[in-house]
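Analysis of the macromolecular model
If you want the building blocks of each chain, they are given just below.
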Amino acid sequence: MDTTSFLTKARGLLHIRNQLVRECLAELLATFMLIIITLSSSAQKITSFEMKGNLLTSYLGGALAVMVGIYTAGGISGAHMNPAFSFAMCLIEQFPWWKFPIFVVVQTLGSFISAGAVYILYYGMGEQHWAREAHSDGRGGQAYGHALPLSQDAIWHYSNGTLTVSGPRETASIFATYPADYVSITNGFLDQVIGTGVLMVGIMGIMDTRNKAVPKGLEPVVVALLVLSIESSMGANCGCPLNPARDLGPRLFTYVAGWGPEVFRWVEGRG
C-alpha cells in the first residue's frame, strides 16, 4: 500500500460527516488556540518577573491569539470563541438559539483544556533537581545534610511553591482575570459590559458589508487590532477579559489544580 492510498483511507475513516460535530470540534480548537496563547503570554510575563515580557507583550499575545483562532476555524464554526459573541449573533438572528448553549459549553471546555496545557508548560509534571540543605557542622563551618527537592518549573519557582490568589507572588492571574484593589463589584460589572459592548459593536461594524469593506482574508487581523485597542484602553480595572469562557474555564481549572475556592471569592480591597 503506497502512502497516498493509506492517507486517502485514513482521511475517509477520520472524516466527520455530522455538521454540528464538525462545528463543535472547530470551535473547541479555535478556543484552545486563543486561550493557550493568551495565557502563555501572561505566564511568561509574570513568571519571568517581567524580564521576558511586559504588559504590552501580554496585550499583543491576547490580540494576536484572536487572529489565530479566527484563521483556525472561521470557515467552519465561525470561530466565535466567546459566549458574548455567540449571544450577539443569536440576537441578530445570525446564529440559531438552540446552538447557543452547546457553543458555550464547548468554548468553556476549550478554555479549561488550554489552561491545563499552560499549567503543564509552565509548571510541569513535578520534575525536580536536588540540592543539599546547608547547616552548621558545630565547628564554625558548613555541612550538608538532607537532600531537598527544588523544582525547575516557572510557576513553582516564581511562587516559591505556593499557589496563591493574592499577594506579591500570586499566580492565579496567569489564568483568570482579577479586578484591581479599588474596583467595586458594580464598577467591575460596568467595566465588562462596556468593554464587551465595544468589542461586539466593533466586530459587527467589521462584518457589515454596507460599511467600508476590509480586504478579504484580513478580517481576523482587523479584529485583532480592535481587541488590542480595547485592551490598551480598558484593561486597568479588570484585566479586560471580554469573554466569559476565557475567564470561567481557566478559573475552574485553577480551582481544581490547587489554588482552591478563593479563585471564586470576592474580597474587599482585593477584588
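Given the structure is predicted, the values throughout are model-derived calculations rather than measurements. (Residues numbered from 1 in each chain as written. Predicted model: local features only at pLDDT ≥ 70, side-chain atom pairs only at ≥ 80, totals over all residues. Heavy atoms only, no water.)

**A word on the layout of surface pockets**
Considering only enclosed or pocket space, the second largest pocket measures out at about 620 Å³ in volume. Gly188, Gln192, Cys238, Asp247 and Arg251 are the residues nearest the centre of the second largest pocket, which is lined by 24 residues in total. Broken down by element, the lining of the second largest pocket gets its largest block of residues, six residues, from helix α7 (residues 185-207). Residues that form the lining of the second largest pocket fall into these classes: 14 nonpolar, seven polar and three charged. (1 Å grid on protein atoms, 1.4 Å probe; cavity = no way out; pocket = protein on both sides within 12 Å on 5 of 7 lines; lining within 4 Å. Points joined across faces, edges and corners; volume = space filled by probe spheres on them. Helix = DSSP H or I, 4+ residues; strand = E, 2+ residues; numbered from the N terminus. Nonpolar A, V, L, I, M, F, W, Y, C, P; charged D, E, K, R; others polar.)

**Points about the packing of helix α2 (residues 19-47) against helix α3 (residues 55-73)**
Packing of α2 against α3 leaves a shortest axis separation of 8 Å and a crossing angle of 165 degrees. With respect to each other, α2 and α3 are oriented roughly antiparallel. The crossing of α2 and α3 is right-handed. Between α2, through Ala26, Leu29, Ala30, Met33, Leu34, Ile37, Thr38, Ser41, Ser42 and Lys45, and α3, the contact on the second element is made entirely by Leu55, Thr57, Ser58, Gly61, Gly62, Ala65, Val66, Val68, Gly69, Thr72 and Ala73. Taken together, the residues of the contact of α2 with α3 sort by class into eleven nonpolar, nine polar and one charged. (Axes fitted to C-alpha atoms, helices over the stretch in contact; angles between N-to-C directions. Parallel < 35°, antiparallel > 145°, perpendicular 65-115°, else oblique. Left-handed = near helix turned anticlockwise from the far one by under 90°. Contact = heavy atoms within 4.5 Å.)

**A word on the nonpolar core**
Membership of the largest hydrophobic core comes to 50 residues, with the highest contact counts inside it found for Ile155, Phe175, Leu199, Met200, Ile203 and Trp259. The set of elements that each furnish at least two residues to this core consists of α2, α3, α4 (83-91), α5 (100-123), α6 (154-159), α7, α8 (219-234) and α9 (244-259). For this core, the element with the most residues is α2, which contributes seven residues. Once residues within four sequence positions are removed from consideration, tryptophan 259 is found in contact with Tyr119, Leu163, Thr164, Val165, Thr171, Ala172, Phe175 and Thr254. (Core = buried A, V, L, I, M, F, W, Y, C linked by side-chain atoms within 4.5 Å. Buried < 20%, exposed > 50% of the residue type's maximum accessible area, 1.4 Å probe, protein only.)

**Some remarks on unusual backbone geometry**
Peptide bonds are, in most cases, trans, and in most cases residues other than glycine have a negative phi. A positive phi is found at glutamate 50, a non-glycine position, where the angle reads about 60 degrees. Examined against the element boundaries, glutamate 50 turns out to sit in the loop between α2 and α3. For asparagine 160, which is not glycine, the phi torsion reads 60 degrees and is therefore positive. Considering the arrangement of structural elements, one finds asparagine 160 in the loop between α6 and α7.

**Notes on the confidence of the model for the chain**
Of the residues in the chain, 86% reach a pLDDT of 70 or more, and the chain-wide mean stands at 86. Segment residues 125-137: pLDDT under 50, and 40 contacts once partners within four positions in sequence are set aside and those in other chains are kept. Ignoring residues within four places in sequence, the model shows residues 141-151, a span with pLDDT below 50, making 36 contacts including any to other chains. (pLDDT = per-residue confidence, 0-100.)

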